Amino acid sequence: MDGTQFEGKVALVTGAGVGIGFAIARRLALEGASVVLNDFDHSLAEQSAQSIRDSGGRCFAFSGDVSEVAFVQEMVNYAVSTYGKLDIAVCNAGLTVWGDFFEYTEEMFERAVSLNLRGTYFLAQAAAKQMRTTGSGGKILFVSSVTGHRAIRYLSVYSMTKAALEMLARNLVVELSPFNITVNCVAPGATVTPRNLTDDPNYEAVWASLTPLGKAGQPDDVAAAATFLVSQSADHVTGQTLIVDGGWSAISPVPSLDFVEKPDK
């Protein structure tokens, strides 16, 4: 990271308290961007933003629930009032709700869809409106998943939402390109994050054994791909999905899902 690639740019990253979102926010900030870091957890958002500032980046926290459309607009307004504009929106906030299709409830469905789809859709809309108003273009990035390409048991709703984000990116090419706004997706494979380790403490070792490159992904692997897609190097790339999975989707082996099947263990 040379600290200058995003100099003068303003970026908003949701779901960025930990994991992939934090890695993206940190990388953007350390490469020169002024970053608004969002997380639902107020304390976590503040701590993570402070960590980035301590490392030399410009970053402010704005905590709240991205599934609420009014909050999304407040967040975009905050970015503009704080930094004067918005150049990059990374729609990372998302939720995995595991469940057997036959037992899936309306409440579980709404939890996943409201954040993964509604939150992303209306953040993209609010960001694009701002970018259109300033007339300087911009970059919008959705965070999808390899589960939008390969079926995994118990992830019917999650995988549906992730595939939908990739279609949304392709569709928005038609409406956003006239305003020089690109929209792309990054699709992580197995990545070592606090959420995944909570689901399965053996997550890293299990997925290392199933990934052709012999290791599970790290948040910085995804952040490197994400920052490329929102950089000037990707000015002519839009409507695309970049899969970051160590080759897993080429063969797609699936581990035991005992942590879903036997949640009491």
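Residues numbered from 1 in each chain as written. Predicted model: local features only at pLDDT ≥ 70, side-chain atom pairs only at ≥ 80, totals over all residues. Heavy atoms only, no water.

**Quick notes on the packing of aromatic side chains**
Step number 1: In the structure shown here, the tally under the stated rule is 7 aromatic pairs.
Step number 2: Consider the rings of Phe62 and Phe71, whose centres lie 5.5 Å apart with planes at 20 degrees: the pair is stacked. Accessibility assignment for this pair places Phe62 and Phe71 in one class, buried.
Step number 3: Aromatic pair Trp207 and Trp248: ring centres 5.7 Å apart, planes at 70 degrees, arrangement edge-to-face. Note that Trp207 is positioned in helix H7 (residues 203–210) and Trp248 in helix H9 (residues 248–251), a separation of 41 residues in sequence. (Phe/Tyr/Trp six-rings, centres within 6.5 Å; stacked < 30°, edge-to-face > 60°. Buried < 20%, exposed > 50% of the residue type's maximum accessible area, 1.4 Å probe, protein only. Helix = DSSP H or I, 4+ residues; strand = E, 2+ residues; numbered from the N terminus.)

**Some remarks on the pairing of strand S2 (residues 34–37)**
Regular strands show a simple pattern: their side chains alternate between the two faces of the sheet.
Step number 1: In S2, alternate side chains face the same way, and those of Ser34 and Val36 on one face and Val35 and Leu37 on the other are all buried.
Step number 2: Between the parallel pair strand S1 (residues 10–13) and S2, the chain is carried across by helix H1 (residues 19–30), and the sense of this crossover is right-handed.
Step number 3: Note: S2 against strand S3 (residues 58–61), 4 bridges, orientation parallel. Its bridge partner being in S3, Val35 is matched across the sheet by Cys59.
Step number 4: Taking the sense of rotation as the criterion, the β-α-β connection linking S2, helix H2 (residues 42–54) and S3 turns out right-handed. (Right-handed = clockwise from strand over helix to strand, strands pointing away. Pairing = 2+ DSSP bridges.)

**A short note on the environment of Ala205**
Step number 1: When you line up the elements, Ala205 lands in helix H7.
Step number 2: Residues Ala205 and Lys215 lie 10 residues apart in sequence; the distance between their C-alpha atoms is 7.9 Å.

**Examining the packing of H1 against H2**
Step number 1: Between H1 and H2, the shortest axis-to-axis distance is 10 Å and the interhelical angle comes to 30 degrees. With respect to each other, H1 and H2 are oriented roughly parallel. Crossing handedness for the pair H1 and H2: right-handed. On the side of H1, the interface is formed by Phe22, Ala25, Arg26 and Ala29, while H2 contributes Ser48, Ser51 and Ile52.
Step number 2: Within the contact of H1 with H2, the residues separate by chemical class into 4 nonpolar, 2 polar and 1 charged. (Axes fitted to C-alpha atoms, helices over the stretch in contact; angles between N-to-C directions. Parallel < 35°, antiparallel > 145°, perpendicular 65-115°, else oblique. Left-handed = near helix turned anticlockwise from the far one by under 90°. Contact = heavy atoms within 4.5 Å. Nonpolar A, V, L, I, M, F, W, Y, C, P; charged D, E, K, R; others polar.)

**Regarding unusual backbone geometry**
Step number 1: Residue Tyr154 is not a glycine yet carries a positive backbone phi of 75 degrees.
Step number 2: Tracing the chain through its elements places Tyr154 in the loop between strand S5 (138–143) and helix H5 (156–176).
Step number 3: A relative accessible area of 13% means that Tyr154 is categorised as buried.
Step number 4: Not every positive phi belongs to a glycine, and Ser252 is a case in point at roughly 60 degrees.
Step number 5: Within the secondary structure, Ser252 is located in the loop between H9 and helix H10 (258–261).

**Notes on the nonpolar core**
For soluble globular proteins, nonpolar side chains are generally found buried alongside one another.
Step number 1: Membership of the largest hydrophobic core comes to 33 residues, with the highest contact counts inside it found for Leu86, Ile140 and Phe142.
Step number 2: Apart from the residues lying within four places of it in its own chain, the contact partners of Ile140 are Ala89, Cys91, Ala124, Ala128, Met131, Leu176, Ile181, Thr182, Val183 and Asn184.
Step number 3: Core analysis: the second largest hydrophobic core is formed by 31 residues, Val13, Ile24, Ala61 and Val143 among them. (Core = buried A, V, L, I, M, F, W, Y, C linked by side-chain atoms within 4.5 Å.)

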